[in-house]
Amino acid sequence: MKMDRRSFLSFVIGGAAGTTLSPLPWKLTDDLAIWSQNWPWTPVPEKGEVSYANTTCMLCPGGCGITVRKVGDRAVKIEGTKGHPVNNGGICILGLSGLQLLYGPTRVPSPLRRTGERGENRWQKVSWDEALAWVAEKLADLRGKRLSHTVACISGTDGGTVPRLMERFLTAFGSPNFIRTPSMRDSYEMTLHLMQGAQASIGFDIENADFIVSFGSGILEGWGSPVRMFRANSVWKENGVKVVQIEPRLSNTAAKSDKWLPIHPGTEGALALGLAHVILKESLYRKDFVGTHTSGFDRWSKEVVEEWTPEQVETVTGIDKSTIVDLAKSFANAKKPLAICGRGKGNTAGGIGEFMAVHSLNALMGNINRKGGVWAVPGSDHIHWPEVEMDAVASAGMQQTRIDGAGTDKFMHARHLLHRVPEMINAGDPSLVQALFVLDANPYYTLSDKALLKKAWAKIPFILSFSSFMDETAQNADLILPNHMYLERYEDVPYAEGFNKPFIGLAKPVVSPQFDTLHTGDAILRLAKALGDPVEKAFPWEDYEGCLDDTFGDQWEELQEIGYRVESDFEPGSRNTAFETASRKFEFIPEESKDAAKNVMVKAEGEEPAYPLVLIPYDSPRLASGFIGDPPFMIKTVPDTVLKENDLLVEVHPKTAQSLGISEGKPAVLKTPKGEARVRVHLFEGIMPGLVAMPTGLGHQAYDGYLAGKGINFNDLIGPVEDEVSGLDAAWGIRAKLSRV
Amino acid sequence: MSTNDDKAKEKAVAETENHPGHSEDKKGKGSGGSILLFFLVGIIASLLVGWVVFPKLLYSQKKQPINFNHAFHVETVDEGCASCHFFREDGSFSGVPKLAQCTGCHEEAQGEDPEEIKFVTQYVEKGREVPWLVCSRQPNCVFFSHAAHVELAKMECVTCHGPIGESTHSKIYEENRITGVSRDIWGRNIAGIKRNSWDRMKMEDCAECHAEAAAKEVSELEGPMEGFFNNAVKIAFPKSLSGRKTSVQTQNEACFVCHK
Ligand code: SF4
């Protein structure tokens, strides 16, 4: 039988009729509908038992306790731990976004060895054994050539067991070059050391203060322990505590303060001395304290009274003299006034003169080691490891001068001067650093003077990053040995910045490692083992957890259970014992830094008229500007007056913009002695005329597509300005030119 | 003047006229039977495909990792189903037990059963979760609260899950190749006809019970096949059409009560 056209049609019609009478079309429709709702990329809530695990956030020096909500094995939310001494249930936006760092695309999945040029981002996966053997071989070679001191480590923190293991490793190996990244911690440590003779961290009893003068500290931007500061600010509001914010820009803190005093940037120290002048002149200081517990007062007060009259200070700072007098009086008449400094988040060191001037204000009011005042908090004392037994190579190496010059005659009181390292590397031939380790830091992004840095970087033959994330430093390293990220590992957090009680937080693994990573503590131990004695015998522990167990001894179990250790009844030393200076008194003019008071202001780099404006950075809680970059959730919260698509907006006063002929949103070229960038302009009345303000934390080249290529890195436009007295990097801004395009 | 178009039309007309009517009649008469035949073949073939071949192709067959004897376990434990399938402290339902629960009794093999030995050596000792294939698992977009049904409405497990507790071995798991869910959701009957309340668990089946509980009038909902969309609308917009609420407890009436 032949099938012609008609038969075929009727076959098709029959088929269609039959199909409608079968379940096929209905079932298929239904299945496709379900299929379309369950595509694999559709986010699906985890199934499983809900549990909570407590740990410590390590994304900034805040030391907050966090509680991670888990469903089954998946972490689904981070909250602040209720009842935690530092943050009591609060959390910041970065801490909240931590899960995107855990599960996001920026993780380094396994040890990676560079295959392309540095920075090209071409990698080969290598096994841990292979990678560690490679590092050990390089190190052994350097040690063999008596170049152990050319191994350096840049670390974001110190004091905890992991940085201390690294420091110990360097000591046993024979290098003094363990260098912490700069922050206001440097200047405050030095202030306490010089004026009080204390080896201590600064602590502020902020909750009990009743009048706050902040010299540019970003109380609501992430200064100190950020969540603690947010909470303190609310408590102040409830209790009617006055906050006076002194800075050239209307920041969040300034906007929420009781009084904002715009000041010429870089002259904050002068204002502090101007206030001191009024207090001295009017005899408003606390004579009991000043009389019995201080030294050098007469000389210091004479200088201040002579040189820092309100008229002079008005000329320098731009704040009129009656305001200065009023502020000084209100400050002095408050019961527990507190003066704080450290610009923005405190991510830069700053000049020692300024810190000492502010600290002197506190001393005048007698609120050192007193309720509502500034406390010297002894460093955590949990690490009592046996002395390292150094062999001849190690001792010889340890006797070499540190590459950053810290501790030398010139910079006697500085402990870390990272900003000097690029210059020193460039000065030596061959490079004074033959191998660089980077731990919890991102110097390739955070160091200023990029031209100098890049030149130095190219001269270092071997760079090893321990980063969990593909940050700029990792991307420009030769080898990455990824650490477990903070939610996957144990580590002690030895302080919460600015907290006024000795505190240790414990980070604990809340999820198992998601990738082929290794705890850096273990990596150090394995490296030591691979190098053999004498390095190996400095590490009598099987593994890092064994080391922690041994370090905390019988407190280890309790620490694990509670998650932190705090001396809640800590009282700062009584005044008769608190000061460990030679005079056993508070030193207004420490012998070692007589010129500090003269050096309260540090000039910005660059000259007029080539650079008629001044560029200053500003910090924002929405922009992580430390060694961690913004996770996607955070970058989404950045308003388009800061970042429009990929363009960064700088803030300029309408008057300044008018004189330059630039209007809102228009592109412009920003040029400084250190670099040039294309930006857009946002007109803002909250910035003083003559200034350009630029957000920090943008302009990343690494991390993921959510962050890379967005905006400009402020550090690309500025260079360090060395404080002559302390050696610290005191740069607070740089002269600049803004021109329309 | 005639254009090209005109010429084409003329040609077409001429061709039509050249086809004599009688030849068409002849063809029609001659192939009437075969047309019917082909129609029937079409119908039968498609019915066969739809009813027999399609279901065979749609589902893949998988074996459970361990052949599990429910009946035996129910006999041994004290609290029936809830001994292993319990509510957690926070009220959420634990579902299929995790290894940790099994290990409570099966740290070591308790008998000679080869399946138990396999379970202990391959999973307990290695600390690996058993990748159970869950016949009752709804697609991810469906939200279902056991607490609301078992604790509040006091429903029996059997009502939805059937007499699974009496089974002595695990049946073959049939997975829908398109949706990835078990065949038990649509029901074994490809037409969607059910005899027991637990035979299938599609939206209409939920709706059936909810309608009953809410308005005590089942009849208004139509059969699952024909009435799919009507039912969907009635459930999605109950107030506008029939005054019914989707959630018996909360009296809420939105798609998102169940569809997440
Ligand atoms: S303030 Fe710092 S420590 Fe606290 S949650 Fe935020 S990032 Fe973490």
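Residues numbered from 1 in each chain as written. Chains lettered and ligands numbered in written order. Predicted model: local features only at pLDDT ≥ 70, side-chain atom pairs only at ≥ 80, totals over all residues. Heavy atoms only, no water.

A closer look at the packing of helix 7 (residues 184-196) of chain A against helix 15 (residues 352-364) of chain A
Residue and element names in this part refer to chain A. Heads up, the rule is: Working convention: axes come from line fits to C-alpha atoms, limited for helices to the stretch in contact. Angles between N-to-C directions cover 0 to 180 degrees. What counts as a helix is a DSSP run of H or I of at least four residues, what counts as a strand is a run of E of at least two, and both are numbered from the N terminus. In this scheme, roughly parallel covers angles under 35 degrees and roughly antiparallel covers those over 145, while 65 to 115 is roughly perpendicular and the rest are oblique. Should the near helix be turned anticlockwise from the far one by less than a right angle, the crossing is termed left-handed; should it be turned clockwise, right-handed. Contacts are assigned to residue pairs that have any heavy atoms within 4.5 Å of one another.
It is the contact of helix 7 with helix 15, at a shortest axis distance of 9 Å, that shows an interaxial angle of 60 degrees. Taken together, the axes of helix 7 and helix 15 are oblique relative to one another. Where helix 7 crosses over helix 15, the two elements pack in a sense that is right-handed. Between helix 7 and helix 15, the contacting residues are M184, S187, Y188, M190, T191, L192, L194, M195 and Q196 on the first element and I352, F355, M356, H359 and S360 on the second.

Concerning unusual backbone geometry
Negative phi characterises most residues that are not glycine, and trans characterises most peptide bonds. All names here are of chain A. Cis geometry is found at the peptide bond from D429 to P430, where omega equals 0 degrees. Looking at the secondary structure, you find P430 in the loop between helix 17 (421-427) and strand 15 (435-439). The phi torsion at N121 lies on the positive side, around 70 degrees, for a residue other than glycine. Despite not being glycine, D449 shows a phi value in the positive range, around 55 degrees. For D449, the location among the structural elements is in the loop between helix 18 (443-446) and helix 19 (450-459).

A word on the packing of helix 10 (residues 268-281) of chain A against helix 13 (residues 310-317) of chain A
All names here are of chain A. Short version of the rule: Classes in brief: Ala, Val, Leu, Ile, Met, Phe, Trp, Tyr, Cys and Pro nonpolar; Asp, Glu, Lys and Arg charged; the others, Gly included, polar.
Direction vectors running N to C along helix 10 and helix 13 enclose 165 degrees, while the axes themselves pass 9 Å from each other. On the basis of their axis angle, the class for helix 10 and helix 13 is roughly antiparallel. Crossing hand, helix 10 versus helix 13: left-handed. Between helix 10 and helix 13, the contacting residues are A270, L271, G274, H277 and V278 on the first element and P310, V313, V316 and T317 on the second. Tallied by class, the residues present in the contact of helix 10 with helix 13 amount to six nonpolar, three polar and no charged.

So, the sheet that holds strand 11 (residues 259-261) of chain A
Residue and element names in this part refer to chain A. Using the following cut-off: Only when DSSP finds a minimum of two bridges between them are two strands counted as paired.
If you walk across this open sheet you meet the four strands as 11-10-9-13, and the pairing is parallel. Taken across any chain shown, the strands that pair with only one partner, and hence form the sheet edges, are strand 11 and strand 13 (337-344). Neighbour to neighbour, the strand axes of the sheet diverge by 20 degrees on average, direction disregarded. Two elements, strand 9 (residues 211-217) and strand 13, share six bridges in a ladder whose sense is parallel. In the sheet register, F215 faces strand 13, and the bridge partner there is C341. Those strands touched by helix 15 are strand 9 and strand 13, and its axis lies near 165 degrees from that of strand 13.

Here's the deal with the interface of chain A and chain B
The condition that has to hold: As a working definition, buried area equals the accessible area (1.4 Å probe) given up by two parts on being put together, with both sides summed. Whenever a carboxyl oxygen of Asp or Glu lies within 4 Å of a side-chain nitrogen of Lys or Arg, that contact is scored as a salt bridge. N or O atoms closer than or at 3.5 Å make up a polar contact, with two conditions inside protein: a donor-capable atom paired with an acceptor-capable one, and, for residues adjacent in sequence, both atoms drawn from side chains.
Contact residues are listed per partner, giving 33 residues for chain A and 31 residues for chain B. Interface area, chain A with chain B, both sides summed: about 2900 Å², of which 72% is carbon and sulfur. Our count for the contact surface shared by chain A and chain B stands at two salt bridges. Among the ionic pairs, D30 of chain A bridges to K202 of chain B, the shortest N-O distance being 2.6 Å. Our count for the chain A to chain B interface comes out at eleven residue pairs in polar contact (both at pLDDT 80 or more). Contributions of two or more residues to the side of chain A that touches chain B are made by helix 1 (5-20) and helix 2 (24-37) of chain A. Along the lines of polarity and charge, the residues of the side of chain A that touches chain B split into 15 nonpolar, ten polar and eight charged.

Here we look at the side chain of K202 of chain B
Test applied: With a 1.4 Å probe rolled over the protein chains alone, any residue whose accessible area is under 20% of its type maximum counts as buried; one over 50% counts as exposed, and the rest are partly exposed.
Topologically, K202 of chain B is positioned in the loop between helix 8 (183-186) and helix 9 (203-215). Classification of K202 of chain B as buried rests on a relative accessible area of 9%. Reaching out from K202 of chain B, the side chain makes a polar contact with the side chain of D30 of chain A at a distance of 2.6 Å.

Brief notes about the domain arrangement of chain A
Heads up, the rule is: Boundary definitions for the domains trace back to an automatic or database domain assignment.
You can read the domains of chain A as domain 1 (1-38), domain 2 (185-379) and domain 3 (613-740). Once you take the C-alpha centre of each, domain 1 of chain A and domain 2 of chain A turn out to be 83 Å apart.

Notes on the site of the ligand
All names here are of chain A. Operational definition: Nearness is defined per residue: one heavy atom within 4 Å of the molecule or strand is enough.
Residues in close proximity to the ligand include C57, L59, C60, G62, G63, C64, I91, C92, L94, G95, P226 and V227, which together make up its full environment. At the level of secondary structure, the elements contributing two or more residues to the shell around the ligand comprise helix 3 (93-96) and helix 8 (226-239). By residue class, the composition of the shell around the ligand is nine nonpolar, three polar and no charged.

Digging into helix 10 of chain A
What counts is decided by this rule: A helix is expected to span 1.5 Å for every residue after the first.
Between its first and last C-alpha atoms helix 10 of chain A spans 20 Å; for 14 residues at 1.5 Å apiece the expected length is 20 Å, and the two agree. Across the 14 residues of helix 10 of chain A, 13 count as buried, placing the element largely inside the fold.

Considering the sheet that holds strand 2 (residues 65-71) of chain A
Residue and element names in this part refer to chain A. Strand order in this open sheet of three strands is 1-2-3, and the pairing throughout is antiparallel. Looking at the sheet topology across the chains shown, the edges are occupied by strand 1 (50-56) and strand 3 (74-80). Taken over all neighbouring pairs, the strand axes of this sheet differ in orientation by 30 degrees on average, direction set aside. As paired strands, strand 1 and strand 2 are joined by seven bridges and run antiparallel to one another. For Y52, the partnering residue across the bridge sits in strand 2 and is R69.

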